[in-house]
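Analysis of the macromolecular model
Okay, here's what each chain looks like letter by letter:
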Amino acid sequence: MTCTIGTRIRYLRTTRGMSQADLAGRELSTSYISLIEAGKRIPSARTLELIAVRLGCAPNDIYDGAAAEAEAAIDFALAEAEWSLVDGDPALALQRFSRARGLALDANQPDHSLRAAWGEARSFERLNRFEEALEAYQDLLRQRSPGDTESPTRWEIVGALCRCEVELGENDRAIEVGERALNELREVGAAPSATGIEIICELVRAHLSRGDVARSRQLTKTAIVEAEVLQNPQQLARAYWAAGQTAQEAGRTAEAIRLTRRAVDLLTQDDDEAVLGDALALHGTALLWHDERNAVEAQADLRRAAEIHERGKRFPEAARCYQGLARCSLAQGDYVEALESTAHALSLLDTDPPGDRAQALILTAAALAMLGSAAEAMLRCDEAATALSADTRSLRRLAIPWGEVAEVYVALGATNQAIDAWRRGFALLYTIAPLPLTSKFPFRGSLLPERPEL
């Protein structure tokens, strides 16, 4: 607060055409006025009264004006930070939200400080710094009660918490937090809301990661009903997208295609590009898994999704689209184009989480194997296995790349490595949801169209 009072005094002095010496008079020194204006000295009540008399105003004019100026400066800093996040620059947004939070704390503005902390947490999440984001969301949740209506609401924070928990592989905790929130909403008789649907969709992801398709189907039905009550195309699209994920995990690819097509049809570029990109990516993936002869149509959706995500600087999502494009090229026998897609995917990915890079490396190895580059394909397989081993998240979806790297190892004649990869994949599935010994490994179809002659 000291700095804003000093700034206010300087503003009032200069607008009156006074020098620091004029304001100091006989009672104060010019250097002391300079220190006050620089925020390095706190004026006493008596000194502030004296300064106010010299400025021709009341002391409250200095206090109130300083508070108003501080609030305006914080509002501007928050708006600037928010724009950076929307513009796809979470690193800059984090810097700006942190600066805004510092200003809010100095000015004793708790509401503004909370908004800045919410922005910091979302910036951490966009930077894939999920542990830091999780800690920030947990701190925010402790500050909000169910009755708070200003953003971020308790329910917005819960939805964000669930997202981070799922990304970190902490599905049990995500389910515990999300299901408890849903029960609280029911107990208070809350009307359907966008934040409620967001929580449901994150719960779907968590349950799918646990292999619980039945609970996921129940939740998606609820989400669709609530979104229809809201008559909100964006939320209805999100609900259909979650339902499409559930259908795909259950192996009902035709149903997944139908549901994700509905999601795409509900959205336009002006609604929410991120949701549209996700829906297009899932629709394209479902088309390919349903029938490899759909590869051309799948490519069109995946390319459009990649462009949307890359434009929004959502690079991990864009990388996954390029991995999907590589799968389409493998299905069509265009192994050079598959390599180009995986190279672009790798260029978009950081080293963390390593499992995402692993999947691009596996596809690279598959394309190299089909081109007859056995030695290089083996190197990429080994890199993928190392990356998968380094990914400590207990995610069911990480079992799939273990199976696929095993398939490439088999094609390369590396039987021992293939057996180890299959064991790791099965072990991951078993720790999440125990499987009978007769269960088949959950492949999405063969990664390699035919075994190359190596």
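About the thresholds
Residue indices follow the written sequence of each chain, beginning from 1 at its first position. In view of the model being predicted, local features appear only for residues whose pLDDT reaches at least 70, and side-chain atom pairs are presented and counted only at 80 or more, with totals across whole chains, interfaces and linings using the full set of residues. Neither water nor hydrogens contribute to the side-chain values; these are computed over all heavy atoms in the structure. Numbering goes from the N terminus for both helices and strands, where a helix is a DSSP run of H or I of at least four residues and a strand is a run of E of at least two. Relative accessibility thresholds used throughout: buried, under 20% of the residue-type maximum; exposed, over 50%; partly exposed, between the two (1.4 Å probe, protein chains only). Contacts were defined at the residue level, with two residues in contact if any of their heavy atoms lie within 4.5 Å. A 1.4 Å probe and the Shrake-Rupley method give the accessible areas. Residues count as covered only by the protein chains that appear here. Polar contacts here mean pairs of N or O atoms no more than 3.5 Å apart (in protein, one a potential hydrogen donor and the other a potential acceptor; neighbouring residues in sequence count only if both atoms are side-chain atoms). A helix is expected to reach a length of 1.5 Å times the quantity of its residues less one. Residues belong to one nonpolar core when they are buried, are Ala, Val, Leu, Ile, Met, Phe, Trp, Tyr or Cys, and are joined through side-chain atoms within 4.5 Å. Geometry is summarised by axes, namely lines fitted to C-alpha atoms with helices restricted to the contacting stretch, and by angles between N-to-C directions that run from 0 to 180 degrees. Comment on the angle field: the value is read as roughly parallel under 35 degrees, roughly antiparallel over 145, roughly perpendicular from 65 to 115, and oblique elsewhere. For any helix crossing, the convention is left-handed if the near helix is rotated counterclockwise from the far helix by under a right angle, and right-handed if that rotation is clockwise. Whenever a carboxyl oxygen of Asp or Glu lies within 4 Å of a side-chain nitrogen of Lys or Arg, that contact is scored as a salt bridge. The predictor attaches a confidence to each residue, and that confidence, scored 0 to 100, is pLDDT. When residues are sorted by character, Ala, Val, Leu, Ile, Met, Phe, Trp, Tyr, Cys and Pro go into the nonpolar class, Asp, Glu, Lys and Arg into the charged class, and all the rest, Gly among them, into the polar class. Pairs of cysteine sulfur atoms within 2.5 Å are what we label disulfides.

1. Here's the deal with the overall build of the protein
- Looking only at helices and strands, one finds 22 helices and zero strands in the protein.
- The buried share of the protein, reckoned over its 454 residues, is 50%.
- Sequence-distant contacts, at least 24 apart, represent 61% of the contacts inside the protein between residues at least 6 apart.
- A total of about 21100 Å² of accessible surface is found on the protein, and carbon and sulfur atoms cover 50% of it.

2. Thoughts on the side chain of Thr246
- Relative to the assigned elements, Thr246 resides in helix H13 (residues 233–249).
- Taking relative accessible area as the criterion, Thr246 reaches 1% and is therefore assigned buried.

3. Topic: the environment of Asp334
- Among the secondary structure elements, Asp334 is positioned in the loop between helix H17 (315–332) and helix H18 (335–348).
- Asp334 gets classed as partly exposed once you look at its relative accessible area, which sits at 31%.
- With 37 residues separating them in the primary sequence, Asp334 and Leu371 have C-alpha atoms 9.7 Å apart.
- In this structure the side chain of Asp334 is engaged in a polar contact, spanning 3.2 Å, whose partner is the backbone nitrogen of Glu337.

4. With respect to helix H14 (residues 253–266)
- Here H14 contains 14 residues, and its C-alpha end-to-end distance of 20 Å stays within 8% of the 20 Å for a straight helix at 1.5 Å per residue.
- For H14, every residue scored as buried is listed here: Thr253, Ala256, Ile257, Leu259, Thr260, Ala263 and Val264.

5. Thoughts on the nonpolar core
- Membership of the largest hydrophobic core comes to 111 residues, with the highest contact counts inside it found for Tyr137, Leu140 and Val405.
- With eleven residues, the single largest contributor to this core is helix H19 (residues 354–370).
- Discounting chain neighbours no more than four positions away, the residues touching Leu140 are Leu114, Ala117, Trp118, Ala121 and Ile157.

6. Looking at the packing of helix H15 (residues 273–290) against helix H16 (residues 295–311)
- For the pair H15 and H16, interaxial distance at closest approach is 8 Å and the crossing angle is 155°. By the angle class used here, H15 and H16 are roughly antiparallel. The handedness of the crossing between H15 and H16 comes out as left-handed. Each of Glu273, Ala274, Leu276, Gly277, Asp278, Leu280, Ala281, His283, Gly284, Thr285, Leu287 and Leu288 in H15 lies in contact with H16, whose residues at this interface are Ala295, Glu297, Ala298, Asp301, Leu302, Arg304, Ala305, Ile308, His309 and Arg311.

7. Digging into unusual backbone geometry
- Residue Pro152 follows Ser151 across a cis peptide bond; omega there is 5°.
- Mapped onto the elements of the fold, Pro152 is located in the loop between helix H8 (130–142) and helix H9 (154–167).
- A positive phi angle is found at Asn128, which is not glycine, with a value near 65°.
- As for its placement among the helices and strands, Asn128 is situated in the loop between helix H7 (110–126) and H8.
- Even without being a glycine, Lys313 presents a positive backbone phi close to 60°.
- Within the secondary structure layout, Lys313 lies in the loop between H16 and H17.

8. Notes on the pattern of salt bridges
- Evaluation of the coordinates by the stated rule reveals 29 salt bridges.
- Across the pair Arg54 and Glu27 runs a salt bridge whose closest N-O atoms are separated by 2.2 Å. Of the two residues, Arg54 is situated in helix H4 (residues 45–55) and Glu27 in the loop between helix H2 (20–24) and helix H3 (30–37); the sequence distance between them amounts to 27 residues.
- The partly exposed category is assigned to Arg54, whose relative accessible area is 25%.
- Classification of Glu27 by relative accessible area gives exposed; the value is 53%.
- Here Glu120 ties to Arg101 by a salt bridge, and the two come within 3.0 Å at their closest N and O atoms. Here Arg101 lies in helix H6 (residues 90–106) and Glu120 lies in helix H7, a separation of 19 residues in the sequence.

9. Quick notes on the confidence of the model for the protein
- Mean pLDDT over the protein stands at 86; residues scoring 70 or higher make up 89%.
- The weakest mean pLDDT in the protein belongs to helix H5 (residues 59–86) at 74; the strongest belongs to H18 at 96.
- Long-range and interchain partners of residues 432–444, a stretch whose pLDDT sits below 50, account for 26 contacts in this model, where long-range means more than four residues apart.

10. As for the packing of H15 against H17
- Viewed as axis vectors pointing N to C, H15 and H17 meet at an angle of 20°, and their least axial separation amounts to 11 Å. The angle between H15 and H17 falls in the class roughly parallel. Crossing hand, H15 versus H17: left-handed. Contacts between H15 and H17 pair Asp278, Ala281 and Leu288 from the former with Glu317, Cys321, Gly324, Arg327, Cys328 and Ala331 from the latter.
- Residues belonging to the contact of H15 with H17 are distributed by class as follows: five nonpolar, one polar and three charged.

11. Things to note about helix H11 (residues 194–209)
- Along its 16 residues, H11 runs 23 Å from first to last C-alpha, staying within 8% of the 22 Å computed at 1.5 Å per residue.
- Of all 16 residues that make up H11, 14 are buried, and the element is covered over most of its length.
- Looking at the residues trailing H11, positive phi occurs at Gly211, about 85°.

12. Focus: the state of the cysteines
- Applying the stated criterion across every chain yields a total of zero disulfides.
- Free of any disulfide, Cys164 has its nearest neighbouring cysteine sulfur in Cys162, separated by 9.6 Å.

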